[in-house]
Amino acid sequence: MNATISRHDRLKEERKQLIVQSALKVFCEKGYDGATINDIVKKAKCSHGLFYHYFDNKKAIFDAVTETRGKNMMDFLDQVLQENSCYIDKLRKMTEYTFVNMKKDEIFAYRFYFFVSTVFAKAESGELPKKCSGRVPPHIRMFSFFEEGVKRGEFSDKFPPNESAKLYNSIIRGTTLNYILYPKEFKHNFQFPLIDYIIDVFKKEKYNG
């Protein structure tokens, strides 16, 4: 009996996660305002009844997507920023992490885009608190990252650190969006930007560390 209940519960959780992942894709492709429950149901290939079994409305499914969006990414960011290494190497590791995982896992690309887009959108609108789940939000940490890199003489000072953080975010987010919107074309014809070129945008010209 317990085994039967366990299989039943597992199937319910799998169905729920399928709807959450489908909603994640729809929100990335159409934005919150453009997305509809009908879009999510079509993407998940499920009935409206099944959707409403788990979620009351669009906001409820959006909140579910938000809750699962970026824990691993935040953990990795914590790990890299705490390393005793130069800031150029840290920037390279962050970029490699994104591109490597994107190639391996399509859902990672959607989660990453959703995570970065919602965080920076809330930051720019002033909606994001200075602490999130006990952590300093990524946009503030990236600003501090570039600020410290300039002080250490590794990053160019031709951009203010907050603009460097925005520019880096735009480069990575744009690449991720291309992958999301055109996955087949991206995999067959489009190459990720060379990481060395991205590094050179921010690297101080005479830095050779």
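Predicted model only: the values in this text are computed from it and were never measured. (Residues numbered from 1 in each chain as written. Predicted model: local features only at pLDDT ≥ 70, side-chain atom pairs only at ≥ 80, totals over all residues. Heavy atoms only, no water.)

Student: So what's going on with the side chain of Thr 98? Which residues, and what values?
Tutor: Considering the arrangement of structural elements, one finds Thr 98 in helix α6 (residues 87-104). Given the relative accessible area of 2%, Thr 98 is considered buried. In contact with Thr 98, not counting residues within four places along its chain, are Phe 108, Phe 112 and Ile 172. (Helix = DSSP H or I, 4+ residues; strand = E, 2+ residues; numbered from the N terminus. Buried < 20%, exposed > 50% of the residue type's maximum accessible area, 1.4 Å probe, protein only. Contact = heavy atoms within 4.5 Å.)

Student: Explain the nonpolar core residue by residue, including any values.
Tutor: Generally speaking, nonpolar side chains in soluble globular proteins are found buried as a group. Judged by nonpolar contacts, the single largest core of 57 residues is most densely connected at Ile 19, Phe 27, Ile 61, Leu 91, Phe 145, Phe 146 and Tyr 168. In terms of residues, this core owes the most to one element, helix α7 (residues 106-125), which gives nine residues. Phe 145 has contacts with Leu 81, Tyr 87, Lys 90, Leu 91, Met 94 and Phe 155, leaving out every residue within four places of it along the chain. (Core = buried A, V, L, I, M, F, W, Y, C linked by side-chain atoms within 4.5 Å.)

Student: Which residues make up unusual backbone geometry, and what values go with them?
Tutor: Positive phi values are uncommon outside glycine, yet Lys 45 reaches one of about 55°. Looking at the element boundaries, Lys 45 is found in the loop between α2 (37-44) and α3 (48-54).

Student: I'd like a rundown of the packing of helix α8 (residues 138-151) against helix α9 (residues 161-181), residues and numbers included.
Tutor: Orientation of α8 relative to α9, taken along the N-to-C sense of each, is 120°, at an axis distance of 8 Å. With respect to their mutual orientation, α8 and α9 come out oblique. At the point where α8 passes α9, the crossing takes the right-handed sense. On the side of α8, the interface is formed by Met 142, Phe 143, Phe 146 and Glu 147, while α9 contributes Pro 161, Asn 162, Ser 164, Ala 165 and Tyr 168. (Axes fitted to C-alpha atoms, helices over the stretch in contact; angles between N-to-C directions. Parallel < 35°, antiparallel > 145°, perpendicular 65-115°, else oblique. Left-handed = near helix turned anticlockwise from the far one by under 90°.)

Student: Lay out α8 in plain terms, naming residues and giving numbers.
Tutor: Every α-helix winds through 3.6 residues per turn, so residues three or four apart in the chain are directed the same way. Along its 14 residues, α8 runs 20 Å from first to last C-alpha, staying within 8% of the 20 Å computed at 1.5 Å per residue. Of the positions making up α8, those classed as buried are Pro 138, His 139, Arg 141, Met 142, Phe 145, Phe 146 and Gly 149. Along the axis of α8, the buried residues cluster in a sector spanning 160°; they form a single face. (Expected span 1.5 Å × (residues − 1). Arc of directions from axis to C-beta.)

Student: Break down empty space enclosed by the protein for me, citing the residues and quoting the values.
Tutor: Take a probe with the size of a water molecule and roll it over the atoms, and the empty space left behind shows itself. As enumerated under the stated definition, the model contains three cavities of 30 Å³ or more in all. If you list the elements that add at least two residues to the lining of the largest cavity, you get α5 (71-82), α6, α7, α8 and α9. Of the residues that constitute the lining of the largest cavity, the class distribution is 15 nonpolar, two polar and no charged. (1 Å grid on protein atoms, 1.4 Å probe; cavity = no way out; pocket = protein on both sides within 12 Å on 5 of 7 lines; lining within 4 Å. Points joined across faces, edges and corners; volume = space filled by probe spheres on them. Nonpolar A, V, L, I, M, F, W, Y, C, P; charged D, E, K, R; others polar.)

Student: Can you break down the pattern of salt bridges residue by residue, with the values?
Tutor: Applying the stated criterion across every chain, the model contains nine salt bridges. Across the pair Arg 141 and Asp 78 runs a salt bridge, and its minimum N-O distance is 2.3 Å. Residue Arg 141 is found in helix α8, and its partner Asp 78 is found in helix α5; the two are separated by 63 residues along the sequence. The burial state of Arg 141 is the same as that of Asp 78; both residues are buried. Asp 196 is the salt-bridge partner of Arg 92, the closest N and O atoms lying 2.8 Å from each other. Residue Arg 92 is found in helix α6, and its partner Asp 196 is found in helix α11 (residues 195-202); the two are separated by 104 residues along the sequence. A relative accessible area of 44% places Asp 196 in the partly exposed class. (Salt bridge = Lys/Arg side-chain N within 4 Å of Asp/Glu carboxyl O.)

Student: An account of the packing of α6 against α11 is requested, with residue identities and associated values reported.
Tutor: At their nearest, the axes of α6 and α11 sit 10 Å apart, and the two run at 140° to each other. Relative to α11, the element α6 lies oblique. Read as a crossing pair, α6 and α11 show a hand that is right-handed. In contact with Ile 88, Leu 91, Arg 92, Thr 95, Glu 96 and Phe 99 of α6, α11 contributes Ile 195, Asp 196, Ile 198, Ile 199 and Phe 202. Split by residue class, the contact of α6 with α11 holds seven nonpolar, one polar and three charged.

Student: Residue-level account of the packing of aromatic side chains, with values.
Tutor: Taken as a whole, this structure holds 18 aromatic pairs when the rule is applied. For the pair Phe 145 and Phe 146, a centre-to-centre distance of 5.3 Å together with 80° between the ring planes defines the contact as edge-to-face. In terms of burial, Phe 145 and Phe 146 fall into one category: buried. Judged by centre distance (6.1 Å) and plane angle (70°), the ring pair of Tyr 168 and Phe 202 falls under edge-to-face. Taken together, the positions of Tyr 168 in helix α9 and Phe 202 in helix α11 put the pair 34 residues apart, joining distant regions of the chain. The buried category is assigned to Tyr 168, whose relative accessible area is 7%. Put simply, the rings of Tyr 87, Phe 145, Phe 146, Phe 155, Tyr 168 and Phe 202 pair up and form one aromatic cluster. (Phe/Tyr/Trp six-rings, centres within 6.5 Å; stacked < 30°, edge-to-face > 60°.)

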